[in-house]
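Take a look at the letters that make up each chain.
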2 protein chains.
Amino acid sequence: MFERFLSSETKYLRTSEIRDLLKLTEGKNVISLAGGLPDPQTFPVEEIKKITEDVLTNYSDKALQYTATPGISEFRKELVNLSKSRGISGIDEKNIFVTVGSQEALYMLFNILLDTGDNVLVEAPTYLAALNAMRSRRPNFISVTVTEKGPDLNELERKVKESNANGKKVKLMYVIPTAQNPAGTTMSTEDRKRLLEIAVKYDFLIFEDDAYGFLVFEGESPPPIKAFDKEGRVIYTSTFSKILAPGLRLGWVVAHEDFIKEMELYKQNVDLHTPSLSQYIAMEAIRRGVIQNNLPKIRRIYKEKRDIMLEAIETYFPKGSRWTRPVGGMFIFAWLPEKIDTSKMLEKALQRGVAYVPGASFYADYSGRNTMRLNFSFPKKEELTEGIRRLAETIKQELST
Amino acid sequence: MFERFLSSETKYLRTSEIRDLLKLTEGKNVISLAGGLPDPQTFPVEEIKKITEDVLTNYSDKALQYTATPGISEFRKELVNLSKSRGISGIDEKNIFVTVGSQEALYMLFNILLDTGDNVLVEAPTYLAALNAMRSRRPNFISVTVTEKGPDLNELERKVKESNANGKKVKLMYVIPTAQNPAGTTMSTEDRKRLLEIAVKYDFLIFEDDAYGFLVFEGESPPPIKAFDKEGRVIYTSTFSKILAPGLRLGWVVAHEDFIKEMELYKQNVDLHTPSLSQYIAMEAIRRGVIQNNLPKIRRIYKEKRDIMLEAIETYFPKGSRWTRPVGGMFIFAWLPEKIDTSKMLEKALQRGVAYVPGASFYADYSGRNTMRLNFSFPKKEELTEGIRRLAETIKQELST
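The name given to chain A in an unreviewed UniProt entry is PLP-dependent aminotransferase family protein, with Sulfolobus tengchongensis as the source organism. What UniProt records for chain A under Subunit (unreviewed entry) is the sentence "Homodimer." What UniProt states about chain A under its Cofactor (unreviewed entry) heading is, verbatim, "pyridoxal 5'-phosphate".

(A) Examining the pattern of salt bridges more closely. Overall, the coordinates contain 70 salt bridges over all chains when judged by the stated rule. For Glu148 of chain A, the salt bridge identified is with Arg322 of chain A, shortest N-O distance 3.1 Å. Residue Glu148 of chain A is located in the loop between strand E4 (140–147) and strand E5 (150–151), and its partner Arg322 of chain A is located in strand E10 (residues 322–323); the two are separated by 174 residues in the primary sequence. Among the ionic pairs, Glu157 of chain B bridges to Arg194 of chain B, the shortest N-O distance being 3.6 Å. Here Glu157 of chain B, found in helix H7 (residues 153–165), pairs with Arg194 of chain B, found in helix H8 (residues 189–202); they are 37 residues apart in sequence, far enough to count as distant.

(B) Seen up close, the interface of chain B and chain A. Contact with chain B, which involves 84 residues of that partner, is made by 84 residues of chain A. Buried surface at the junction of chain B and chain A, summed over both partners, amounts to about 7,100 Å²; 58% is from carbon and sulfur atoms. Between the two partners, chain B and chain A, sit 2 salt bridges. Between Arg4 of chain B and Asp203 of chain A there is a salt bridge, with its nearest N and O atoms 2.8 Å apart. Summed over the shared surface of chain B and chain A, the result is 32 residue pairs in polar contact (both at pLDDT 80 or more). Grouping the constituent residues of the side of chain B that touches chain A by class yields 38 nonpolar, 25 polar and 21 charged.

(C) Spatial organisation of the environment of Asp258 of chain B. All names here are of chain B. Mapped onto the elements of the fold, Asp258 is located in helix H9 (residues 257–270). Judged by relative accessible area, which is 26%, Asp258 ranks as partly exposed. The sequence separation of Asp258 and Arg194 amounts to 64 residues, and the corresponding C-alpha distance is 25 Å.

(D) Layout of the environment of Lys344 of chain B. Position of Lys344 of chain B among the secondary structure elements: in helix H12 (residues 342–351). For Lys344 of chain B and Arg369 of chain B, which are 25 residues apart along the polypeptide, the C-alpha to C-alpha distance reads 9.1 Å.

(E) Geometry of the side chain of His273 of chain A. Following the sequence through the fold, His273 of chain A ends up in the loop between helix H9 (257–270) and helix H10 (276–287). Of the polar contacts made by the side chain of His273 of chain A, one reaches the backbone nitrogen of Thr67 of chain A; its length is 3.2 Å.

(F) Examining empty space enclosed by the protein more closely. The tally for this structure, following the rule as stated, stands at 1 cavity of 30 Å³ or more. Computed from the structure, the largest cavity encloses a volume of approximately 70 Å³. Every residue lining the largest cavity is listed: Lys49, Thr52, Glu53 and Leu56 of chain A together with Lys49, Thr52, Glu53 and Leu56 of chain B. Looking at the lining of the largest cavity, the elements that each hand over two or more residues are helix H2 (45–58) of chain A together with helix H2 (45–58) of chain B.

(G) A look at the domain arrangement of chain A. Residues and elements named next belong to chain A. Looking at chain A, the domain boundaries give domain 1 (11–42 + 295–400) and domain 2 (45–288). Between the C-alpha centres of domain 1 and domain 2 the distance comes to 25 Å. In this assembly, 33 residues from domain 1 lie in contact with 32 residues from domain 2. Both sides of the domain 1 and domain 2 interface together cover about 2,900 Å² of buried area, and 64% of this is carbon and sulfur.

(H) Looking closely at helix H4 (residues 73–84) of chain A. All names here are of chain A. Its 12 residues give H4 an end-to-end C-alpha distance of 17 Å, which sits within 8% of 16 Å, the value for a rise of 1.5 Å per residue. Those residues of H4 that fall on the buried side of the exposure criterion are Phe75, Arg76, Glu78, Leu79, Val80, Leu82 and Ser83. In this fold, the buried residues of H4 make contact with strand E2 (96–99), strand E9 (251–254), H9, H10 and helix H11 (290–316).

(I) How the structure looks around the sheet that holds strand E9 (residues 251–254) of chain B. Residue and element names in this part refer to chain B. A sheet is described by the order of its strands in space; here 8 strands give the open sequence E2-E9-E8-E7-E6-E3-E4-E5, paired in mixed fashion. The two strands at the open ends of the sheet, each matched to only one other strand, are strand E2 (96–99) and strand E5 (150–151). Pairing of strand E8 (residues 234–239) with E9 involves 4 bridges; the strand directions are antiparallel. What sits directly across from Ser238, in E9, is Trp252. Of the strands in this sheet, E2, strand E6 (170–175), strand E7 (205–209), E8 and E9 are in contact with helix H5 (residues 101–113), which crosses E8 at around 155°. Here H7 sits on the sheet and contacts strand E3 (119–124), strand E4 (140–147), E5 and E6; the angle it forms with E4, its principal contact strand, is near 160°.

(J) A look at the packing of aromatic side chains. Residues and elements named next belong to chain A. Here the structure, examined in full by the defined rule, presents 23 aromatic pairs over all chains. Both rings, one in Tyr212 and one in Phe331, keep their centres 6.3 Å apart while their planes meet at 85°; by these two values the pair is edge-to-face. Of the two residues, Tyr212 is situated in the loop between strand E7 (205–209) and strand E8 (234–239) and Phe331 in strand E11 (residues 331–335); the sequence distance between them amounts to 119 residues. With respect to burial, Tyr212 and Phe331 carry one shared label: buried.

(K) Structural context of the sheet that holds E11 of chain A. All names here are of chain A. Taken in spatial order, the 4 strands of this open sheet run E10-E11-E14-E13, and their pairing is antiparallel. Two strands bound the open sheet, and with one partner strand each, they are E10 and strand E13 (357–358). Note: E10 against E11, 2 bridges, orientation antiparallel. Across the sheet, Arg322 pairs through a bridge with Trp335, a residue of E11. Sheet contacts for H11: E10, E11 and strand E14 (371–375); angle to E11, the most-contacted strand, approximately 15°.

(L) Structural detail: the relation of the copies chain B and chain A. Rotating chain B by 180° about the axis while translating it 0.0 Å along that axis superimposes it on chain A, leaving an RMSD of 0.0 Å. Both copies of the chain, as the preceding transformation shows, are related through a two-fold rotation axis.

(M) Expanded view of the packing of H2 of chain B against helix H10 (residues 276–287) of chain B. All names here are of chain B. Two elements in contact, H2 and H10, have axes whose closest approach is 9 Å; the angle formed by their N-to-C orientations is 120°. Of the possible angle classes, the one that applies to H2 and H10 is oblique. As for how H2 packs across H10, the hand of that crossing is right-handed. Counted together, Ile48, Ile51, Thr52, Val55 and Leu56 of H2 and Leu277, Tyr280, Ile281, Glu284 and Ala285 of H10 form the full contact between these two elements. Tallied by class, the residues present in the contact of H2 with H10 amount to 8 nonpolar, 1 polar and 1 charged.

(N) Looking closely at the nonpolar core. Ranked by internal contacts, the top residues of the largest apolar core, which has 168 residues, are Phe240 of chain A together with Phe240 of chain B. Non-local contacts of Phe240 of chain A, meaning those with residues more than four positions away in its chain, are made with Phe75, Leu79, Leu82, Ala245, Pro246, Leu250, Trp252, Ala282, Ile286 and Ile291 of chain A. Ranked by size, the runner-up nonpolar core spans 77 residues in total, among them Leu113 of chain A together with Tyr107, Leu113 and Leu114 of chain B.

(O) Local environment of H2 of chain A. For H2 of chain A, spanning 14 residues, the distance from its first C-alpha to its last is 20 Å, which sits close to the expected 20 Å at 1.5 Å a residue. Among the residues making up H2 of chain A, those that are buried are Val45, Ile48, Lys49, Ile51, Thr52, Asp54, Val55 and Leu56 of chain A. Looking at the buried side of H2 of chain A, the elements it contacts are helix H3 (60–63), H10 and H11 of chain A together with H2 and helix H3 (60–63) of chain B.

(P) Summary view of unusual backbone geometry. Cis rather than trans, the peptide bond between Ala124 of chain A and Pro125 of chain A has omega equal to 10°. Assignment of secondary structure puts Pro125 of chain A in the loop between strand E3 (119–124) and helix H6 (128–135). Here the bond from Asn181 of chain B into Pro182 of chain B is cis, since omega is 10°, no more than 30 degrees from zero. Turning to its location among the elements, Pro182 of chain B is positioned in the loop between E6 and H8. Phi angles above zero are rare outside glycine, and Arg138 of chain A is one such case at about 50°. Within the secondary structure, Arg138 of chain A sits in the loop between H6 and E4. Given the relative accessible area of 31%, Arg138 of chain A is considered partly exposed.

Calculation rules
- Residues numbered from 1 in each chain as written.
- Chains lettered and ligands numbered in written order.
- Predicted model: local features only at pLDDT ≥ 70, side-chain atom pairs only at ≥ 80, totals over all residues.
- Heavy atoms only, no water.
- UniProt positions renumbered as here; feature names shortened; annotations may be inferred.
- Salt bridge = Lys/Arg side-chain N within 4 Å of Asp/Glu carboxyl O.
- Helix = DSSP H or I, 4+ residues; strand = E, 2+ residues; numbered from the N terminus.
- Contact = heavy atoms within 4.5 Å.
- Buried area = accessible area lost by both parts, 1.4 Å probe.
- Polar contact = N/O pair within 3.5 Å; in protein donor to acceptor, adjacent residues only side chain to side chain.
- Nonpolar A, V, L, I, M, F, W, Y, C, P; charged D, E, K, R; others polar.
- Buried < 20%, exposed > 50% of the residue type's maximum accessible area, 1.4 Å probe, protein only.
- 1 Å grid on protein atoms, 1.4 Å probe; cavity = no way out; pocket = protein on both sides within 12 Å on 5 of 7 lines; lining within 4 Å.
- Points joined across faces, edges and corners; volume = space filled by probe spheres on them.
- Domains from an automatic or database assignment.
- Expected span 1.5 Å × (residues − 1).
- Pairing = 2+ DSSP bridges.
- Axes fitted to C-alpha atoms, helices over the stretch in contact; angles between N-to-C directions.
- Phe/Tyr/Trp six-rings, centres within 6.5 Å; stacked < 30°, edge-to-face > 60°.
- Least-squares fit on C-alpha atoms with pLDDT ≥ 70 in both.
- Parallel < 35°, antiparallel > 145°, perpendicular 65-115°, else oblique.
- Left-handed = near helix turned anticlockwise from the far one by under 90°.
- Core = buried A, V, L, I, M, F, W, Y, C linked by side-chain atoms within 4.5 Å.

Following this line, the structure appears as structure tokens:
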């Protein structure tokens, strides 16, 4: 009806397949392995209740009032500390910016940095909502294959060279080095250093999404690439959605002050500032050790769930499939026999009572049609096994036709 | 240092003069009439404490979890009721969209609707942060003079005709009909109907910002333009920042479902959804009557402060000045003798210990150099009188040189 009033950008918007799926399965007898929700068991509800009461008793004038665009000063100081616990050093408050979830950090920085046609390196597969946020800027995606060990850096360097030789410099790489969404892969420390060296050599920025850096439940979590960054070339973002509660919508950025200043200007237009109440709650959660004390529990719950899902996959999945064995995060990624188109198969899976995300959504070029993302953080334990069983049946049925 | 990596849009960003000023005066012995903050006395702190406790007891799984992009369903239903209390009828949940403050509604809708060069009608003066959000889209502004009674509709219709005659149709008008920021003017019901008729006649959209609709403290608050809209031509936005607490960052939109769907797609990129906890708190505040019961107190406080500021202005301001006499909201706008440039005078005012916002910021073409915006909602009563006294001295000094 009002089509004639829409801007040209609007038509580049794509709905998130994940969210549409969530809607589809809502209230039905479908086990959803499609979501990306944390287990609500991991929310420190009582601690948040106590903190909120204290915040509204002690700081109500500030916690209910407007605040500065980059975030509440005392909270930014705590975020320096939290970032340091991930191995990032040499930063202070001026390098921190608070956002409405890390999604807003992605959105704003892609807008601040990217023009139509700019060359951007992305992992294939990579985070869907990041791809969509980038797509609205219409960049030129250069996809780098993700192996079980993370992005293939030989392929990456070759593609960067090719692109630069053609006179189109690479501007940026968006990368999730730890417990990648959707692949579940984690880059080695060596690869992280090498990726940074390549970025320095060919002069592009690294935009590092560390959403799952605190959620490594097997072995040590490698330091983020930002920890090795000496010149401010790496822009780092992380989130409270997985370590405290997504409903607060809190993310943060660690970056060179130049980028922080640009974000401040940008965010004044978008929403003025991130909710003060959320910021005070998270600030106190850091100060009181709620975050650090809660991490072992989150890791235990997710490791247990990953084990259950992995065991079910090993038991039920047909030959010719392979899948990642994540050491952290919330997702397993599977490559099925080439014959399978997971987008086409989805309807049949839903009929059998199980949902997943078709992998094509996570590829900039919509390839990866035989892949799928499976979430183990949200479903109940018994649902994980039953969901995988139903899914395996669907796959076997599909293979036999 | 990283200038070469910035997108072309980035250079169109302007810092908000208001926010820079706030920084300038922070912690100093300056009475700031420059802000736009609500009086923290108006926050129903105890009620919010009780509500938050109950929300975290009863709905923690939902209030701390991710939720749907357009907003929590039950909250959207309450927003239908709240909007109806402003006279808007014939709407349901599907016409409601929840945003991170009404600023995000402005930002998203300008992006959804405007292309570079599009003709947009704005009041002169109008809300600075709306102008800045529009500026990043580089539209063609058509300014309409605001008189003491609101925008001059004869001038408006003439300019629309001219523009259309030149083959450049007007696409949109952004308008704040009630207790306008910065002018403090309120359009009559007659003028609202006439503006809508003009929009229908010349086929443009009206984007109505009703931030102060609940804050009319003298006489009745006229129904918003949206209340007369039969075809979905009016997009309406309002905020909880002035009727509950800005720190929650909550705004909402009432619009034709077509626009709501576009907002959903857009917001998935920006920040996935508005904080769930904030939404549950505001939902309960509506349900328990906290909002409606608190309005008389807010109106009483602001009316008293307006009276004090008006009396001080009448006492101290030099001849040749005029100012609005707002029936609601938080601002008085003043036109000083033509000789005065309020941007240039600001430094001297700060030296005398008073801050205001130079009016030029509120004009799309940066005209109105002899005007200023004065905030009466936030300063303490004794500061209002003393602030105006210092300001009047500055003006008189400026006139005498």
